[in-house]
2 protein chains.
Amino acid sequence: MISLDFRDSRSIYEQICDKVKKLILEGALSEGDKIMSVRELASSLTINPNTIVKAYKQLENEGYIYSVQGKGYFVAGRKSAAKDADFGALFDTARATLSELCFLGTEKDTVTRMVDDIWKEMKR
Amino acid sequence: MISLDFRDSRSIYEQICDKVKKLILEGALSEGDKIMSVRELASSLTINPNTIVKAYKQLENEGYIYSVQGKGYFVAGRKSAAKDADFGALFDTARATLSELCFLGTEKDTVTRMVDDIWKEMKR
DNA sequence: TAACTGTACTATTACATATAATACAGTATA
DNA sequence: TATACTGTATTATATGTAATAGTACAGTTA
């Protein structure tokens, strides 16, 4: 379900953030679903629980999940994430990455096709 | 020309990398142009020369600039950057960012317009 | 020769990451 | 009620990266 890549230069908690977020974006995790507990995921990945806490706290700040004392962490809804999202930063990242791909010779059709695929596959 | 944002959580050398790269992508710096020397940019930003070296070395590894002993750093050509680029990582970043924007309710037209603008404005 | 360039190295400080261990509070269930 | 889960909080420690400081050497230009 969730695994770590030790060749990845990013920090462990960042990788966990991205993996959980990806599961939510893909629809593998839906609103209200309970996700793995802090201790459960930590022992599953053989890492420290505090590292999971750090990742979950960040996803909570981004509005993607929420916690309930004694019960666990659950997936929040799209509205929650949209309310807390930093659209400025997201568009900046998108613009910078696409500009670089353009500069490096990527065909516009290639990118347009990618956009089409994403907006078609995403269940909304 | 190049400035630092201390509210930015990213490291200084990363910010410098991105700013120089942005100038190249925008066409403000063209192939063969000499860029600010290590010591010149360091004293201009009131930071340590070693930090500039780190940023320039990374841009050199990405094929965006090259150095000549005793003369300085110069802007390399598109082919040089394209040869060293990690297209897999770039497309991964693009896909992840665009998927998140889609999930958060961004209209496809908004993104398509952004792509059109980038491929139109970029002088190739 | 003098004043620039890049390059290389050591030492030091500061900060973020990750681990370890412990404790407390809320929830669910036998 | 007792037990075993949940999240939360705290302190301490080790490690690696980022950034600074200083020095030195080699190539280029005027």
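Coordinates for the structure precede this section.
A brief report on the enclosed structure follows.

### Quick look at the relation of the copies chain B and chain A
Two copies of one chain are present, and they are related through a rotation about an axis combined with an axial shift.
(1) Moving on: Once chain B has been moved 0.0 Å along the axis and rotated by 180°, it coincides with chain A to within an RMSD of 0.0 Å. Seen this way, the second copy is the image of the first under a two-fold rotation axis. Considering only C-alpha atoms, the residue of chain B closest to the rotation axis is alanine 94 of chain B, which sits at 3.1 Å.
(2) Moving on: A shared interface surface links the copies, since 100% of the contact residues of chain B are contact residues in chain A too.

### Topic: helix H6 (residues 108-121) of chain B
(1) Moving on: In this model, H6 of chain B (14 residues) spans 20 Å end to end at C-alpha, consistent with the 20 Å of a helix rising 1.5 Å per residue.
(2) Moving on: Here H6 of chain B has its buried residues at Val111, Met114, Val115, Ile118 and Trp119 of chain B. Each buried residue of H6 of chain B lies within a common arc of 125° when the element is viewed along its axis, so the set occupies one face. Every exposed residue of H6 of chain B that faces more than 90 degrees away from the buried side is listed here: Asp109, Lys120 and Glu121 of chain B.
(3) Moving on: On the buried face of H6 of chain B, the contacting elements are helix H5 (87-103) and helix H6 (108-121) of chain A together with helix H5 (87-103) of chain B.

### Let's talk about the environment of glutamate 62 of chain B
(1) Moving on: With respect to the helices and strands, the residue glutamate 62 of chain B is situated in the loop between helix H3 (49-61) and strand S1 (65-68).
(2) Moving on: We classify glutamate 62 of chain B as partly exposed; its relative accessible area is 21%.
(3) Moving on: On a C-alpha basis, the gap between glutamate 62 of chain B and arginine 7 of chain B in space is 26 Å, while along the polypeptide they are 55 residues apart.
(4) Moving on: Excluding its chain neighbours within four sequence positions, the residues that come into contact with glutamate 62 of chain B are Glu100 of chain A together with Lys21, Ala81 and Asp84 of chain B.

### Observations regarding the interface of chain B and chain A
(1) Moving on: Contact residues are listed per partner, giving 38 residues for chain B and 38 residues for chain A.
(2) Moving on: With both chains or domains summed, chain B and chain A bury close to 4,000 Å², and 77% of this area falls on carbon and sulfur atoms.
(3) Moving on: For the pair chain B and chain A, the number of links is four salt bridges.
(4) Moving on: In this structure, aspartate 116 of chain A and lysine 108 of chain B form a salt bridge, with 2.7 Å as the shortest nitrogen-oxygen distance.
(5) Moving on: Inspection of the chain B/chain A interface yields 10 residue pairs in polar contact (both at pLDDT 80 or more).
(6) Moving on: Broken down by secondary-structure element, the contributors of at least two residues to the side of chain B that touches chain A are helix H1 (12-26), helix H4 (78-84), H5 and H6 of chain B.
(7) Moving on: Considering each element in turn, the side of chain B that touches chain A owes the most residues, 14 residues, to H5 of chain B.
(8) Moving on: Residues belonging to the side of chain B that touches chain A are distributed by class as follows: 22 nonpolar, seven polar and nine charged.

### A look at the protein's contact with DNA strand C
(1) Moving on: Taken together, 24 residues are adjacent to DNA strand C, and Ile12, Thr51 and Lys54 of chain A together with Ser67 and Tyr73 of chain B come closest.
(2) Moving on: For DNA strand C, the fraction of atoms within 4 Å of the protein that belong to sugar or phosphate moieties is 61%.
(3) Moving on: Here a phosphate oxygen of DNA strand C and a side-chain polar atom of lysine 54 of chain A are 2.4 Å apart.
(4) Moving on: One of the side-chain N or O atoms of arginine 39 of chain B is found 2.9 Å from a base oxygen in DNA strand C.
(5) Moving on: Listing elements by their share of the surface near DNA strand C, those giving two or more residues are helix H1 (12-26) and helix H3 (49-61) of chain A together with helix H2 (38-45), H3, S1 and strand S2 (72-75) of chain B.

### Focus on the packing of H1 of chain A against H3 of chain A
For any two helices packed against each other, one specifies the inter-axial angle together with the distance between the axes.
All names here are of chain A.
(1) Moving on: At a minimum axis distance of 9 Å, the contact between H1 and H3 shows a crossing angle of 50°. With respect to their mutual orientation, H1 and H3 come out oblique. Considering only the axes of H1 and H3, their crossing is right-handed. Residue-level contacts link Ile12, Tyr13, Ile16, Cys17, Val20 and Lys21 of H1 to Thr51, Ile52, Lys54, Ala55, Tyr56, Gln58 and Leu59 of H3.
(2) Moving on: When its residues are assigned to classes, the contact of H1 with H3 shows nine nonpolar, two polar and two charged.

Calculation rules
- Residues numbered from 1 in each chain as written.
- Chains lettered and ligands numbered in written order.
- Predicted model: local features only at pLDDT ≥ 70, side-chain atom pairs only at ≥ 80, totals over all residues.
- Heavy atoms only, no water.
- Least-squares fit on C-alpha atoms with pLDDT ≥ 70 in both.
- Contact = heavy atoms within 4.5 Å.
- Helix = DSSP H or I, 4+ residues; strand = E, 2+ residues; numbered from the N terminus.
- Expected span 1.5 Å × (residues − 1).
- Buried < 20%, exposed > 50% of the residue type's maximum accessible area, 1.4 Å probe, protein only.
- Arc of directions from axis to C-beta.
- Buried area = accessible area lost by both parts, 1.4 Å probe.
- Salt bridge = Lys/Arg side-chain N within 4 Å of Asp/Glu carboxyl O.
- Polar contact = N/O pair within 3.5 Å; in protein donor to acceptor, adjacent residues only side chain to side chain.
- Nonpolar A, V, L, I, M, F, W, Y, C, P; charged D, E, K, R; others polar.
- Near = heavy atom within 4 Å.
- Axes fitted to C-alpha atoms, helices over the stretch in contact; angles between N-to-C directions.
- Parallel < 35°, antiparallel > 145°, perpendicular 65-115°, else oblique.
- Left-handed = near helix turned anticlockwise from the far one by under 90°.

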